[in-house]
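# Structural description and commentary
Each chain, letter by letter, is given below.
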Amino acid sequence: MKVLVIQQKMIGDVLTCSILCELIKTKHPNYTVHYLINTNTSPVVENNPFIDKLVLFKPEYRNSKLALFKFLKTIRKEKYDVVIDAYSKLESNLISLFSGAKQKISFEKYYSKFIYTHPVIPKKTASSNLGLAIERRQQLLEPLGFETNYTVFPKLYVTDKENNEAIMLLKQHGVNPLKKTVMVSIIGSAQNKTYPLNYMSELVNYISDNYECNILFNYIPNQLEDAKKIYNGCSEQTKKNIFFNVLGKNLREFIALVNQCDMIIGNDGGAINMAKALNKPSYIIFSPWIEKNIWATFNDGIFHKAVHLTDFKPDLFKNKDETYLKKHAIELYQDFKPSLIKDDLLSFLKQLNTKELASYTLKKSVQKNITEKLSALVITYNEQDNIDALIKNLSFANEIIVVDSYSTDATVEKLKQYPQVKLIQNEFKNFSDQRNFALNQTKNEWVLFIDADERINYKLKNEIIETINIPNNKNIAYEVYRKFYFKQKPVHFSGWQTDKVFRLFKKSHVTYKKDLFVHELLHTDGPTSVLKEKLDHYSFDSYTDYKNKMILYATLRAKELHIQQLKPNFFHYYIKPFYRFFNHYIIRLGFLDGKKGVTISYLSAYYVYRRYVELDKLYQ
């Protein structure tokens, strides 16, 4: 398998996205993984053992259509099996389109859906303090069967030679090795991502006055004048601790210098992300227009802290969208005074004094969020062919309960092979009774109730997890549309296109109506809603299987009608079955499903006919 990962953005994005290469190569060492990035960002993935080849996107490809076309031809020649586009802009859309890969994965965008075989909807809330920037990128591997991994982080690989050269550089400038060394990211990548220069001078003074350390400034040559303004704004005493000209000649030398520091403080950006990838603690000041919850990775309040103006003055952000915030970021920065930050910054420095920094790793900062627990419920009878796929599919649930109706095949034996499954056997009376019995066995409030032939795809799984963790969620139940498969092939019409059922709910607010034996209905005592993603329903693998299920449903439905004292007549035997076929095949467009449509429409009509035959038997 040959995989191309695309990330044509800035240093922080390229570094963050490199974890996809590691995750793929760790799980599938025999896969070939190429990483397509901009030329200027290549130093941050140098020496990365999980990348088989760097594919560099050069500036000339943006300036010349001919050069771009030739580049696209080289991509085509590589014959990639999978393309993972984490950039998701016009350039990468074209690369993905012309790659010829069978699987093309990217974040869902309305304008590029037709290009990608697996458009991924980015999650809205993080499941841990890894941060959305990392968790969203891991989502791009879900179509390949990967789960979110909380133990793989962005990494930089520094050679012994590079480290030794950095140590020598610090010695030459008289940096005291007995004191802690703090890298200060004094200037952001743009003015609207840069803490005001006079405010930064005040913070550097504060660090120098309250923490005995060497201070290195991080800036690039075209930021020299602004860097001087910050330096000149510092006190004479602080200037004695600042090593203004300790800079690497290139990005790799800068990385090696950061590796010799004890921590980094300052504006969010590539330097911060590189420091984290070197296991350095960080204190980040976010721009007012940047979403902190996305880029505040590993934010544990000890080794990594992040501050945003909204933490202190949330009223300034009410009813303001990203466009407004980006446009007014510089003026909003004026409200982000150092006095708001100083106490928190001092707390960070003091905590690090009590921690052993030498043995610190990012793994120590990872914290999974406390989430609502979910119980998955299934009722079974002779489902041996579904068990393995079913249990694997429900692995994200905190509890899996299967209520079996004394199966006569290998269902029970298979279920016993899964220690995480709670197996209960209960005599089957009807579907409503069995479902109500199953509901009473759960420990958790949120319940996911699915049939053995239904599957939760990765998009629906993410939506379920996010839904049950919505703060103060007033909805007590959710319906879900089902996507039907007949003989493993999708059915688009035939009356099933609008089918939806309740599958997710709070158990204390629901019960199944007891007077219904088949096609059970859920009684709810609160507001409900509908999930966006569909549930895959592999309803029938053969004509005989489908027909036998229709006979079972017809028998149970006949019992309901018998209780209602309905007497079958000519209308029930002939008109209703004919109308059912006509409705499914013509009105509900079953003819567009080809042979499947004929079969489904016929068997739906047969179900109607058969229930009155069974009803007549009950009267006899």
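The structure under discussion appears in the preceding block.
Below you will find a few notes about this structure. Quantities reported herein were computed from a predicted structural model and do not represent experimental measurements.

How each quantity is defined
Residues numbered from 1 in each chain as written. Predicted model: local features only at pLDDT ≥ 70, side-chain atom pairs only at ≥ 80, totals over all residues. Heavy atoms only, no water. Buried < 20%, exposed > 50% of the residue type's maximum accessible area, 1.4 Å probe, protein only. Helix = DSSP H or I, 4+ residues; strand = E, 2+ residues; numbered from the N terminus. Pairing = 2+ DSSP bridges. Contact = heavy atoms within 4.5 Å. Core = buried A, V, L, I, M, F, W, Y, C linked by side-chain atoms within 4.5 Å. 1 Å grid on protein atoms, 1.4 Å probe; cavity = no way out; pocket = protein on both sides within 12 Å on 5 of 7 lines; lining within 4 Å. Points joined across faces, edges and corners; volume = space filled by probe spheres on them. Nonpolar A, V, L, I, M, F, W, Y, C, P; charged D, E, K, R; others polar. Salt bridge = Lys/Arg side-chain N within 4 Å of Asp/Glu carboxyl O. Axes fitted to C-alpha atoms, helices over the stretch in contact; angles between N-to-C directions.

### Describing the pairing of strand 10 (residues 263–267)
Burial runs high along strand 10: 5 of the 5 residues are buried. Here 4 bridges tie strand 7 (residues 180–185) to strand 10, and the two strands are oriented parallel to one another. Directly across from Val 182, in strand 10, lies its bridge partner Met 263. Relative to strand 11 (residues 282–285), strand 10 is paired through 4 bridges, and the arrangement is parallel. The residue bridging Ile 264 from the neighbouring strand is Ser 282, located in strand 11.

### Describing the side chain of Glu 22
Mapped onto the secondary structure, Glu 22 falls in helix 1 (residues 11–27). Residues in contact with Glu 22, not counting those within four places in the same chain, are Phe 50, Val 152, Phe 153, Lys 155 and Tyr 157.

### Focus on the nonpolar core
If you look at the biggest cluster of nonpolar residues, it comprises 110 residues, and the most contacted ones within it are Val 5, Ile 84, Phe 217 and Leu 345. The leading source of residues in this core is helix 1, at 9 residues. With 36 residues, the next largest nonpolar core counts Ile 379, Phe 486, Leu 603 and Val 608 among its residues.

### Structural notes on empty space enclosed by the protein
Applying the stated rule across the entire model yields 2 cavities of 30 Å³ or more. Counted as a void, the largest cavity has a volume near 70 Å³. Lining of the largest cavity is provided by Leu 15, Thr 16, Ile 134, Pro 154, Asn 273, Lys 276, Ala 277, Trp 295, Thr 297, Phe 298 and Leu 362. Where the lining of the largest cavity is concerned, the elements lending two or more residues are helix 1 and helix 11 (270–277). A total of 3 residues in the lining of the largest cavity trace back to one element, the largest contributor, which is helix 11. Grouping the constituent residues of the lining of the largest cavity by class yields 7 nonpolar, 3 polar and 1 charged. By volume, the second largest cavity is sized at about 30 Å³. Lining of the second largest cavity is provided by Ser 18, Ile 19, Glu 22, Asn 48, Phe 153, Lys 155 and Tyr 157. The residue makeup of the lining of the second largest cavity, split by class, is 3 nonpolar, 2 polar and 2 charged.

### A few points about the pattern of salt bridges
For the structure shown, the criterion picks out 27 salt bridges. With a shortest N-O distance of 3.1 Å, Glu 22 and Lys 155 are connected by a salt bridge. Residue Glu 22 is found in helix 1, and its partner Lys 155 is found in the loop between helix 5 (132–139) and helix 6 (160–172); the two are separated by 133 residues along the sequence. The shortest N-O distance in the salt bridge between Asp 335 and Lys 313 comes to 3.8 Å. Taken together, the residues Asp 335 in the loop between helix 15 (329–333) and helix 16 (338–354) and Lys 313 in the loop between helix 13 (309–312) and helix 14 (322–327) connect sequence positions 22 residues apart. Given a relative accessible area of 27%, Asp 335 falls into the partly exposed group. One network of salt bridges, in which partners are shared, links Arg 435, Asp 451, Glu 454, Arg 482, Asp 499 and Arg 503.

### Focus on the sheet that holds strand 5 (residues 103–107)
The 6 strands are arranged 3-2-1-4-5-6 in an open sheet whose pairing can be described as parallel. The open sheet terminates on both sides in strands that have one partner only, identified here as strand 3 (53–57) and strand 6 (118–120). Looking at each pair of strands side by side, their axes are set apart by 15° on average, direction ignored. Relative to strand 3, strand 2 (residues 32–38) runs parallel, the two sharing 5 bridges. Directly across from Asn 38, in strand 3, lies its bridge partner Phe 57. Contacts from helix 1 reach strand 1 (2–6), strand 2 and strand 4 (82–85), with the element oriented near 175° to strand 2.

### Regarding the sheet that holds strand 12 (residues 304–307)
Neighbouring strands of a sheet are bound in pairs by backbone hydrogen bonds; such pairs are parallel or else antiparallel. Pairing within the open sheet is parallel, and its 6 strands lie in the order 9-8-7-10-11-12. Both edges of this open sheet fall to strand 9 (242–243) and strand 12, since each of them pairs with a single strand only. In this structure, strand 7 lies alongside strand 8 (residues 213–218), joined through 6 bridges in parallel fashion. Paired with Val 184 across the bridge in strand 8 is Phe 217.

Take it as geometry only, folks, not as evidence of what the structure does.
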